[in-house]
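# Fold and geometry: a report
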Amino acid sequence: MDDHVLEAALTAILYFGTFLVVGYGGRWLIDRWMGTRGVHLTEVQDQMGENRRKQTGFLLGVWYRR
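Scoring rules and cut-offs
Residues numbered from 1 in each chain as written. Predicted model: local features only at pLDDT ≥ 70, side-chain atom pairs only at ≥ 80, totals over all residues. Heavy atoms only, no water. Helix = DSSP H or I, 4+ residues; strand = E, 2+ residues; numbered from the N terminus. Buried < 20%, exposed > 50% of the residue type's maximum accessible area, 1.4 Å probe, protein only. Areas by Shrake-Rupley, 256 points an atom, 1.4 Å probe, with all protein chains shown as cover. Patch = residues over 30% accessible without salt bridge, like charges linked within 9 Å, V, L, I, M, F, W, Y side chains within 5 Å. Salt bridge = Lys/Arg side-chain N within 4 Å of Asp/Glu carboxyl O. Expected span 1.5 Å × (residues − 1). Phe/Tyr/Trp six-rings, centres within 6.5 Å; stacked < 30°, edge-to-face > 60°. pLDDT = per-residue confidence, 0-100.

Moving on to the overall build of the chain. Counting its secondary structure elements, the chain contains two helices and two strands. Tracing the chain from N to C terminus, the helices and strands come up as α-α-β-β. Residue burial in the chain is summarised as follows: out of 66 residues, 3% are buried. Just so you have it, the chain exposes about 6600 Å², and 64% of that area is on carbon and sulfur atoms.

Encoded structure:
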């Protein structure tokens, strides 16, 4: 393998791996925090009710509504 290709692969692994670790770690911490308080995300959404403002998002080039 060429040194430039190996360096690019290692940089990509470090860059994207960091985002994955931080994302999963944050999710784990939030789940744990909500679990100790006996709260679940569906309960929070239920409290907002059906008449809440619908959120729009952009995912993979497509606009969607939640």
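All right, on to a nonpolar patch on the surface then. On the surface, V39, L41, V44 and M48 cluster together to form a nonpolar patch covering roughly 330 Å² of accessible area. Considering the arrangement of structural elements, one finds L41 in helix α2 (residues 41-48). Note on L41: relative accessible area 49%, which makes it partly exposed.

Glancing now at helix α1 (residues 3-36). Relative to the 50 Å expected for 34 residues at 1.5 Å per residue, α1 spans 49 Å between its end C-alpha atoms, a close match to the ideal helical length. Just beyond α1, the residue with positive phi is G38, at close to 70°.

What follows deals with the packing of aromatic side chains. Two descriptors summarise a pair of aromatic rings, namely the distance from one centre to the other and the angle between the planes of the rings. Enumeration according to the criterion identifies two aromatic pairs in this entry. When the centroid spacing of 5.2 Å and the interplanar angle of 80° are considered together, the rings of Y15 and F16 count as edge-to-face. According to the relative accessible area criterion, F16 is exposed, its value standing at 53%. Taken together, the aromatic side chains of Y15, F16 and F19 make up a single cluster linked through ring pairs.

What follows concerns the confidence of the model for the chain. In the predicted model, the chain carries a mean pLDDT of 83, and the fraction of residues at 70 or more is 88%. At the level of individual helices and strands, the chain shows its lowest average pLDDT in strand β2 (residues 62-65), which scores 64, and its highest in α1, which scores 92.

This paragraph deals with the pattern of salt bridges. All chains considered together, the criterion is met by one salt bridge. Linking D31 and R27 is a salt bridge whose minimum nitrogen-to-oxygen distance equals 3.9 Å. On the criterion of helical spacing, the pair formed by D31 and R27 is a turn pair, its members being four residues apart in helix α1. A residue is classified by how much of its surface remains accessible, and D31, at 44% relative accessible area, is partly exposed.

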